[in-house]
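Single-letter residue listing:
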Amino acid sequence: MFDGTEENRSLLHDEKRMDLNADCVEFCNCAGHEDLVAVGTYELKEEIQKRIGELFLYQLQFSSDGRIQLKEAGSRKGSGIFDIRWRKSRLSSSAPIIAWAGADGSVEVLQHSDGKLEEIARAERICPNDGMCLSVDWGRSSTEPSNDLACSTSGGSLSRLKLTNTDLRQDVTWAAHDAEVWMCAFDAWNAHVLYSGADDCVLKVWDQRAGTDVPCAVNRRTHTMGVCCMESSPHEEHVLATGSYDEKIRVWDMRNLCFPVLTRDVRVGGGVWRVKWHPTDPTLLLSAAMHGGFAVVKDTAGCLSLQDKWPGTLGYGVDWYRGDVRVRCGSRSSDVLSLAGTCTFYDRIFQLRSFAH
C-alpha cells in the first residue's frame, strides 16, 4: 500500500527489523545476481567497549501481483560494519564478491556461493593507532572485475589495496585529511581518479598517476560542514555528486580535475550521509538524510529539486535496485518503476520501496 503523507509517493513492499543498528545497504551489481541485497549493521557495546556487527543478505522474491518480499540468503558476524560494496562483474558465472569496511580497522572480502558467505581475504589494521575503516570502494576497470580497492579511515588516511589469489594486499597508505575521512570513491570513468571527503569540510581529488603526496584538487570553501559522501555519475562523464552534514546535495563539473566547478545544489532537510545516482535514469538521485529521513532528488535543466521524501529515525543507508522491476513483476503499467532499499540506524529497520516516475 501507499503510505505516509502526500509528500511521500513511495510504495512500501517489505521490511526487516535488524538485531543491531542498520547503517548501510547495497544491491548486487553482478550480472545474474541483481536480486541479491546486502545490509550492514553496527553497534557499540559500551559496557565492554567493543564494536560488533553483522552482514545480512536477502534475496528479492517477485510475484505477479506486484508484491516484492525479502527472503534471508545468509549472514556473517564480524566487527561493526560501516560500509559495504559489491564488486561489479558482467560475468553471470562469477560468484558475487562483497567488501566491507570494519570498525576494527580491517577490510574484509567475502564471496556468496551456495547460499553461504565465506571470507576469501582480509587486510588487518589498515588504520593507524587502532582506528576504524569508514568506507571502501572497488576500482574501475575496462576488464571487469577489478581487483583494486580503496578505503578511508577515522585517522584521516586513505589506503589502496589489491586482491590477489591468496590475500588482500595493502599497497600504499597516506595521510589525506586532518579529520575522519567519511568516504572515498573512485571515478566511474577514470580508473586513476579517487575522491575523498572528510569531517574537515574538505573535498579532495587524487590522481593516482601523480602519486599520493599532493592531491590534484582541494575544495575547502564550499561545504560548510563535514563531507560525508560522494558518487561519480555512471551516466555522464565529469559529473560528481557530494553530500554533507550541512544538509545539501551538490553536483560538480569535474572536467578540469584541478578546478572542480559547483553547478547546482539542493537542501534536503538533514545531513546527507549517502547519495546514489539512479542506475538507468540520469535525472534521479537517492539520499539518506540522517534526521531528515530519505529523499529522491530530481536533476533537470541544471536544477536540483526534491521529488519525494519520507521520514526515518536517522536515515543512513540507501541504494537502487539495478534490475527491471516491471519485467520482474509482470507489470503492464506505462509508469517506470524503480525500487530502492533504505535502512535506519536507531529503529534498525531495512525497507524496500518502489517509485513510479
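Residues numbered from 1 in each chain as written. Predicted model: local features only at pLDDT ≥ 70, side-chain atom pairs only at ≥ 80, totals over all residues. Heavy atoms only, no water.

Asker: Outline the overall build of the chain, supporting the account with residue identities and numerical values.
Answerer: Scanning the chain from N- to C-terminus turns up 1 helix and 28 strands. Taken over the C-alpha trace, the chain has a radius of gyration of 19 Å; the compact-globule value for 357 residues is 21 Å, and the two agree within 12%. Seen through its principal axes, the chain has C-alpha atoms that stretch 55 × 45 × 45 Å. Residues classed as buried in the chain amount to 56% of the 357 residues present. Long-range contacts, defined here as pairs at least 24 residues apart, represent 48% of the contacts in the chain between residues at least 6 apart. Carbon and sulfur atoms make up 45% of the accessible area of the chain, which totals about 15300 Å². Charge-centre separation for the chain: the mean point of 40 positive side chains lies 1 Å from the mean point of 50 negative side chains. (Helix = DSSP H or I, 4+ residues; strand = E, 2+ residues; numbered from the N terminus. Rg over C-alpha atoms; globule rule 2.2 N^0.38 Å. Buried < 20%, exposed > 50% of the residue type's maximum accessible area, 1.4 Å probe, protein only. Contact = heavy atoms within 4.5 Å. Areas by Shrake-Rupley, 256 points an atom, 1.4 Å probe, with all protein chains shown as cover. Lys, Arg positive; Asp, Glu negative; His and termini not counted. Charge placed at Lys NZ, Arg CZ, Asp CG, Glu CD.)

Asker: Pulling in residues and values, what's your account of the packing of aromatic side chains?
Answerer: A complete count under the given rule lists 15 aromatic pairs for this structure. Taking the centre distance of 6.2 Å and the plane angle of 85° together, the rings of Trp-182 and Tyr-245 count as edge-to-face. Of this pair, Trp-182 sits in the loop between strand S13 (168–175) and strand S14 (183–186) while Tyr-245 is found in the loop between strand S19 (239–244) and strand S20 (248–253), placing the two residues 63 residues apart along the sequence. Geometrically, the ring pair formed by Tyr-245 and Trp-273 is tilted, given 6.2 Å between the ring centres and 35° between the ring planes. Here the residue Tyr-245 occupies a position in the loop between S19 and S20, and Trp-273 occupies one in the loop between strand S21 (261–267) and strand S22 (274–277), the gap between them amounting to 28 residues. In this structure, Arg-87 packs its charged tip against the face of Trp-138, placed 5.6 Å from the ring centre. (Phe/Tyr/Trp six-rings, centres within 6.5 Å; stacked < 30°, edge-to-face > 60°. Lys NZ or Arg CZ within 6 Å of the ring centre and 35° of its normal.)

Asker: Quick rundown of the pairing of strand S15 (residues 193–197)? Include the residues and the values.
Answerer: Of all 5 residues in S15, 5 are buried; the element is thus mostly enclosed. Of the two faces of S15, both are covered, the one formed by Val-193, Tyr-195 and Gly-197 as well as the one formed by Leu-194 and Ser-196. Relative to S15, S14 is paired through 4 bridges, and the arrangement is antiparallel. Paired with Met-183 across the bridge in S15 is Gly-197. (Pairing = 2+ DSSP bridges.)

Asker: An account of the sheet that holds strand S25 (residues 303–310) is needed here, citing residue identities and associated values.
Answerer: The strand order across the open sheet built from 4 strands is S22-S23-S24-S25, with neighbouring strands paired in antiparallel fashion. The open sheet has two edge strands, S22 and S25, and neither has a second partner. Adjacent strand axes in the sheet meet at a mean angle of 25°, parallel and antiparallel pairs treated alike. As paired elements, strand S24 (residues 294–300) and S25 share 7 bridges and run antiparallel to each other. Its bridge partner being in S25, Lys-298 is matched across the sheet by Ser-305. (Axes fitted to C-alpha atoms, helices over the stretch in contact; angles between N-to-C directions.)

Asker: Talk me through the sheet that holds strand S17 (residues 217–219); I want residue IDs and the actual numbers.
Answerer: A sheet is described by the order of its strands in space; here 4 strands give the open sequence S14-S15-S16-S17, paired in antiparallel fashion. This sheet does not close on itself; its edge strands, each paired only once, are S14 and S17. On average, each strand axis in the sheet is tilted by 15° relative to the strand beside it, whichever way the strands run. Where S15 meets strand S16 (residues 203–207), 5 bridges bridge the pair, whose relative direction is antiparallel. Each bridged residue has a counterpart across the sheet, and for Gly-197 the counterpart in S16 is Leu-203.

Asker: Explain the environment of Gly-102 to me, using residue names and the numbers behind them.
Answerer: In this structure, Gly-102 sits in strand S7 (residues 97–102). Given a relative accessible area of 0%, Gly-102 falls into the buried group. It is 24 Å that separates the C-alpha atoms of Gly-102 and Val-193, two residues lying 91 residues apart in sequence.

Asker: Account for the side chain of Asp-253, with residues named and values stated.
Answerer: Relative to the elements of secondary structure, Asp-253 occurs in strand S20. A relative accessible area of 18% means that Asp-253 is categorised as buried. Within the structure, the side chain of Asp-253 is placed 2.5 Å from the side chain of Arg-255, a separation counted as a polar contact. Sequence-distant contacts of Asp-253, that is, excluding residues within four places in its chain, are made with His-238, Phe-259, Pro-260, Val-261 and Thr-263. (Polar contact = N/O pair within 3.5 Å; in protein donor to acceptor, adjacent residues only side chain to side chain.)

Asker: Hey, could you go over the nonpolar core for me, with residue numbers and the actual values?
Answerer: Formed by 28 residues in total, the largest nonpolar core has its most connected members in Tyr-195, Met-230, Ile-249 and Val-268. For this core, the elements supplying multiple residues, two or more each, are S14, S15, S16, strand S18 (227–232), S19, S20, S22 and S24. Other than its neighbours up to four places away in sequence, Val-268 contacts Glu-247, Ile-249, Ser-287, Ala-289, Ala-295, Val-297, Leu-306 and Lys-309. Core analysis: the next-biggest nonpolar cluster, separate from the first, contains 19 residues, Tyr-58, Leu-70, Cys-343 and Leu-352 among them. (Core = buried A, V, L, I, M, F, W, Y, C linked by side-chain atoms within 4.5 Å.)

Asker: An account of the side chain of Asp-23 is needed here, citing residue identities and associated values.
Answerer: Residue placement: Asp-23 occurs in strand S2 (residues 21–27). Here Asp-23 sits buried without a salt bridge, and the closest side chain of opposite charge, Arg-274, lies 7.7 Å off (N-O distance). Contact partners of Asp-23, with chain neighbours within four places excluded, come to Gly-40, Thr-41, Tyr-42, Ile-81, Phe-82, Tyr-316, Gly-317, Cys-343 and Phe-345. (Salt bridge = Lys/Arg side-chain N within 4 Å of Asp/Glu carboxyl O.)

Asker: Kindly report on unusual backbone geometry, identifying the contributing residues and their values.
Answerer: Even without glycine at this site, Asp-114 takes up a positive phi of about 55°. As for its position among the elements, Asp-114 is in the loop between strand S8 (107–113) and strand S9 (116–123). On the basis of relative accessible area, Asp-114 is assigned to the exposed category, the value being 75%. Positive phi, normally seen in glycine, also occurs at Ala-301, with a value near 50°. Relative to the elements of secondary structure, Ala-301 occurs in the loop between S24 and S25. What makes Ala-301 exposed here is its relative accessible area of 83%.

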